[in-house]
Amino acid sequence: MCPDIGTVRILIHHGTRRKCESGSNGRQMMKPRRAGASRGYEEMDGSNVPGYGTGVTRNGATGASSIGSTGSSTDATSPINGNGGAPPEFELASVSVVPDDTFTVTQAVNALGFGWFQVKLSLCVGLCWMADSMEMTILSVLGPALHCDWGITRYQQALVTTVVFLGMMLSSTFWGHLSDRYGRKPALTLCGVLLILYGLLSSVAPSFGWLLLLRGLVGFAIGCVPQSVTLYAEFLPTKQRAKCVVLLDCFWALGACFEVALALAVGPNLGWRWLLGLSAAPLFAFAVITPWLPESARYHVASGQSDKALTTLEQIAKDNKRPMLLGRLVVEGPSGSRGSVKALLGSSLRRTTLLLWFIWMSCAFCYYGLVLMSTELFGGKNKTVLPETENDCHPLATTDYMDLLWTTLAEFPGIFATIYVIERFGRKKTMALQFLFYAGCVLMITVTDVRVFLTIILFMARGVIAGLFQAAYVYTPEVYPTALRSVGVGGCSALARLGAMATPYVAQVLFQSSIWSAVSVYGFFAVCASVACMLLPYETRGTDMGQ
């Protein structure tokens, strides 16, 4: 009988003319030892240890390896251990191992590299981001349409936006807990189903109250979308992680452009109900593909399901056409408390968590504030003001849709600039510089009334703040361990929604009374957030994601 060696490196003592080899059923089979092979100790063939390690010499005539520290190899008739007999012995053939017979998910992901597996995952996660972007973009179109159709007030228009962000804020931590306890894949699957359901029901809402409720539930489901970034980042090699996560913002911009084009084609003829229904198409596509999404290998290892993690890693190796590492998969470091907000505020992570909460809140506050201020600055220039008897209805014109489209396209330069800068200056410095640049841009709004210059300023600010959002998405999953990664990203997302809920009162209410006061608020928060970025205790550029 041959021993069941599993994945442990073994040196076998020779004494018979038979050796073990792997059979078709995965067990070790006996076969004749190579003719002329030396007696002594031989390392298994196929070892992936370069040069067979220190002190190991290669016998060119026979292909046998002998350990130099044991002295010279003996021949087939030499006595062993001082006696004239030769005890039975055998050798194992063709087993590949890593030097220490163990590896982590981080080592496996880095070794398997970026390939077809990551490309497929990019498209799936990108579709999720497109759906999120469309649901956000539609808010700028839905308000004016409801104002004309149902005669709602401006305050009620703002409430339609606020209730979506409220749902997102309330659900972020919930989705983080769910993802950390039951996995990223089940959470995203449930998210896709709920988004389709509430999105379609919104299109047939009979009253404004029902619409508010359903849009709030849509926001609740959208709160799970950041978990797709967590899943995506956990499958990316260290060298490609930052670039790929930032490039996800391209899908956000594409989703916004698609929604504006859909609104231009559908809105004037079929109305907002058809627009809401058709906007659920990417959500339906995402819900269909979620059963094929891979579960996070890091989550499986952290939750004690190493066999499932190995299956996922083998699929990566197959898709990327790379050899699978052999050895025992181990957890890198302690897992700690899974899915615990209390753990986020522990002594080791308290400073990081509080600073990231403020950074995310400021980022959302500044991003959505800029979008709303752009509407206020350009609004009315291409509109025909109707008599008050017609509810002061201002349906969006083609030029309005084009302005929205150009504003969205301004995010692409910010994305690519962030990709270039983030790997050269690091995550912290990149975010700090972007906040300062944004502060300078918004303060320049008050010094010019020329539309061309104003447009350039707004586009630069939009590109910078869009790239900053993605830089935050890169840094946050990197700085938290696997056990707390989802709840950490979820908590940051919740604070971001709080900032988004507060910004309409500055960008729309305060802006109408004093432009200088409004832009000063945004400039102040941007400068404070820049300081917070530099105070973060860890720089994650070039580091592996912790287990």
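Fair warning: this is a prediction, and the values are worked out from it, not measured in the lab. (Residues numbered from 1 in each chain as written. Predicted model: local features only at pLDDT ≥ 70, side-chain atom pairs only at ≥ 80, totals over all residues. Heavy atoms only, no water.)

### Considering helix α4 (residues 184–203)
Stated precisely, the cut-off is as follows: In this text, helices come from DSSP runs of H or I with a minimum length of four residues, and strands from runs of E with a minimum of two, each type numbered from the N-terminal end. What a helix should span is 1.5 Å times the count of its residues minus one. Only protein chains enter the area calculation, which uses a 1.4 Å probe; residues under 20% of their type maximum are buried, those over 50% are exposed, and those in between are partly exposed.
When the terminal C-alpha atoms of α4 are compared, their 29 Å separation across 20 residues agrees well with the 28 Å that a helix rising 1.5 Å per residue should span. Those residues of α4 not exposed but buried are Arg-184, Ala-187, Leu-188, Cys-191, Gly-192, Leu-194, Leu-195, Ile-196, Tyr-198, Gly-199, Ser-202 and Ser-203.

### Here's the deal with empty space enclosed by the protein
Selection criterion: A pocket, in this scheme, is an open set of points on a 1 Å grid over the protein atoms alone with protein on both sides within 12 Å along at least 5 of 7 lines, while a cavity is a set where a 1.4 Å probe fits but cannot get out; residues line either one if an atom lies within 4 Å of a point. Grid points are joined across faces, edges and corners, and a volume is the space filled by probe spheres set on the points. In this classification, the charged set is Asp, Glu, Lys and Arg, the nonpolar set is Ala, Val, Leu, Ile, Met, Phe, Trp, Tyr, Cys and Pro, and all remaining amino acids, among them Gly, are polar.
The tally for this structure, following the rule as stated, stands at 2 cavities of 30 Å³ or more. The volume enclosed by the largest cavity comes to roughly 140 Å³. Lining the largest cavity, in full, are Trp-129, Asp-132, Asp-249, Trp-252, Tyr-367, Tyr-368, Glu-411, Ala-466, Phe-469, Gln-470, Tyr-473 and Arg-497. Sort the elements by how many residues they give to the lining of the largest cavity and helix α17 (residues 451–479) lands first, with 4 residues. Considering only residue class, the lining of the largest cavity consists of 7 nonpolar, 1 polar and 4 charged.

### Re the packing of helix α2 (residues 116–150) against helix α9 (residues 281–289)
Here is the rule we go by: Under this scheme, a helix contributes an axis fitted over its contacting stretch, all axes are lines through C-alpha atoms, and angles between N-to-C directions fall in the 0 to 180 degree range. Roughly parallel covers angles under 35 degrees, roughly antiparallel covers those over 145, roughly perpendicular covers 65 to 115, and oblique covers all other angles. Whether a crossing is left-handed or right-handed is set by the direction in which the near helix is turned from the far one by less than a right angle, anticlockwise for left-handed and clockwise for right-handed. Residues count as neighbours in contact if any of their non-hydrogen atoms are within 4.5 Å of one another.
Where α2 contacts α9, the axes come no closer than 9 Å and their chain directions differ by 150°. As far as their axial angle goes, α9 and α2 are roughly antiparallel. α2 and α9 meet at a crossing whose hand is left-handed. Residue-level inspection shows Cys-124, Leu-127, Cys-128, Ala-131, Met-134 and Glu-135 of α2 in contact with α9, the latter providing Pro-282, Leu-283, Ala-285, Phe-286 and Ile-289. Within the contact of α2 with α9, the residues separate by chemical class into 10 nonpolar, no polar and 1 charged.

### Looking at the packing of helix α3 (residues 154–182) against helix α5 (residues 208–222)
Direction vectors running N to C along α3 and α5 enclose 35°, while the axes themselves pass 6 Å from each other. Here the hand of the crossing between α3 and α5 comes out right-handed. Touching Gln-156, Leu-159, Val-160, Val-163, Val-164, Gly-167, Met-168, Ser-171, Phe-174 and Trp-175 of α3 are Phe-208, Leu-212, Arg-215, Gly-216, Gly-219, Phe-220, Ala-221 and Ile-222, all from α5. Per-class residue counts for the contact of α3 with α5 are 12 nonpolar, 5 polar and 1 charged.

### Describing the confidence of the model for the chain
Keep this limit in mind: Confidence of the predictor in every single residue is expressed as pLDDT, which spans 0 to 100.
Averaged over all residues, the pLDDT of the chain is 74; the fraction at 70 or higher stands at 74%. pLDDT under 50 marks residues 1–98. Its contacts with residues more than four places away, or in other chains, come to 177 contacts. For residues 380–391, every residue scores under 50 in pLDDT, and the model assigns this stretch 19 contacts once sequence neighbours within four places are set aside.

### Some points on the side chain of Ser-279
This is how it is decided: N or O atoms within 3.5 Å of each other form a polar contact, as long as, within protein, one can give a hydrogen and the other can take it, and as long as residues adjacent in sequence are counted only when both atoms are side-chain atoms.
As for its position among the elements, Ser-279 is in the loop between α8 (272–278) and α9. For Ser-279, a relative accessible area of 3% puts it in the buried group. In this structure the side chain of Ser-279 is engaged in a polar contact, spanning 2.6 Å, whose partner is the backbone oxygen of Leu-275.

### With respect to the packing of aromatic side chains
To keep things clear, this is the line we draw: We call Phe, Tyr and Trp rings a pair once their centres come within 6.5 Å, taking the six-membered ring for Trp, and we label the pair stacked below 30 degrees between planes, edge-to-face above 60, and tilted otherwise. Lysine and arginine charges are scored as sitting over a ring when NZ or CZ, respectively, is within 6 Å of the ring centre and within 35 degrees of the ring normal.
For the structure shown, the criterion picks out 14 aromatic pairs. Each ring, one from Phe-165 and one from Tyr-368, has its centre 4.9 Å from the other, and the planes form 65°; the classification is edge-to-face. Residue Phe-165 is found in helix α3, and its partner Tyr-368 is found in helix α13 (residues 350–378); the two are separated by 203 residues along the sequence. Overall, Tyr-368 belongs to the buried group, its relative accessible area being 12%. With a centroid separation of 6.1 Å and 55° between ring planes, the pair formed by Trp-175 and Phe-220 is classed as tilted. Taken together, the residues Trp-175 in helix α3 and Phe-220 in helix α5 connect sequence positions 45 residues apart. Its end group placed over the ring of Tyr-420, Arg-424 keeps NZ or CZ at 4.0 Å from the ring centre.

### Let's talk about unusual backbone geometry
One non-glycine residue, Lys-321, lies in positive phi territory at about 55°. Position of Lys-321 relative to the elements: it lies in the loop between α11 (306–320) and β8 (328–329).

### Structural notes on the environment of Gly-267
Its place among the elements puts Gly-267 in helix α7 (residues 238–270). Among the residues examined, Gly-267 registers a relative accessible area of 24% and is labelled partly exposed.

### Focus on the environment of Lys-428
Note on placement: Lys-428 falls in helix α16 (residues 427–443). Residue class for Lys-428 comes out buried when judged on its relative accessible area of 14%. For the pair Lys-428 and Glu-539, spaced 111 residues apart in sequence, the C-alpha to C-alpha distance is 6.5 Å. Apart from residues no more than four positions distant in its own chain, Lys-428 is found in contact with Tyr-475, Cys-533, Met-534, Leu-536, Tyr-538 and Glu-539.

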